[in-house]
Amino acid sequence: MEFLCRLTAALGAFLFLVPNASSTGTGDTPSNKFRDPEMIQDKHHLKEHVQELTEEQINQMSPEEVEFHFFKSHDGDKNLKLDGLEIMAAIEHQSEYNYPPDYDERMEYYTGMVDKILADDDSDDDGMISWIEYVIARRRREVEAEAARKQREAERKQKEQQGN
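Rules and cut-offs
Residues numbered from 1 in each chain as written. Predicted model: local features only at pLDDT ≥ 70, side-chain atom pairs only at ≥ 80, totals over all residues. Heavy atoms only, no water. Core = buried A, V, L, I, M, F, W, Y, C linked by side-chain atoms within 4.5 Å. Buried < 20%, exposed > 50% of the residue type's maximum accessible area, 1.4 Å probe, protein only. Helix = DSSP H or I, 4+ residues; strand = E, 2+ residues; numbered from the N terminus. Salt bridge = Lys/Arg side-chain N within 4 Å of Asp/Glu carboxyl O.

By the naming in an unreviewed UniProt entry, the protein chain goes by Multiple coagulation factor deficiency protein 2 homolog and is assigned to Branchiostoma floridae.

Caption draft 1: Representation of the nonpolar core in the model. Core analysis: the biggest nonpolar cluster contains 17 residues, and Phe 71, Ile 87, Ile 91, Ile 117, Ile 129, Trp 131 and Tyr 134 have the highest contact counts within it. Elements that contribute at least two residues to this core include exactly helix H5 (63–73), helix H6 (84–93), helix H7 (103–121) and helix H8 (131–163). Residues Val 50, Leu 53, Ile 58 and Met 61 belong to the second largest nonpolar core, which totals 5 residues.

Caption draft 2: Local environment of the pattern of salt bridges. The full count for this structure, using the stated rule, is 11 salt bridges. Note that Arg 139 and Glu 67 form a salt bridge whose closest N and O atoms lie 3.5 Å from each other. With a gap of 72 residues between them, Arg 139 in helix H8 and Glu 67 in helix H5 connect regions that are remote in the sequence. Ionic pairing is found between Arg 138 and Glu 142, a salt bridge with its closest N-O pair at 3.2 Å. Residue Arg 138 and its partner Glu 142 are located together in helix H8, separated by 4 residues, close to a single helical turn. Both residues of the pair, Arg 138 and Glu 142, count as buried. Shared partners join several salt bridges into a network, and the residues in it are Glu 67, Arg 138, Arg 139 and Glu 142.

Caption draft 3: A look at the environment of Glu 92. With respect to the secondary-structure elements, Glu 92 resides in helix H6. For Glu 92, a relative accessible area of 42% translates into the label partly exposed. Taking the C-alpha atoms as reference, Glu 92 lies 9.9 Å from Met 107; in sequence the two are 15 residues apart.

This is the structure we're talking about:
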């Protein structure tokens, strides 16, 4: 219990220091569902994996807490890192996404997605995504998406002004 309290405190301090945009989009290509807010904020999916938490506890969690439990619930060996198989299992479990029905095509799809996630987010090149690498990558994508949204808005306003 003390470990969980310390981890939550450290996580809170870390998230305070990492920029967090209010954007709901991630700016990722469609092939990177691992950062999809609908996937990582799915409280029903989280309840399937975290049996010791009640539905009320899950509903009272902040988005950051839900995200942490999403990550932790797919960490089979409990080392706070996700390897390729754990990432693949997290993605594959989300049945609402339409993946190729053929097994070979699906495996090619999943391995391509895992390779992309590791190439994008595994900053220490150890073949796994640590919790810290995951959070940094998510926040970086949120900031990039917000900057892109602001850029599009500025361009739209500029076009409107030129049209007048």
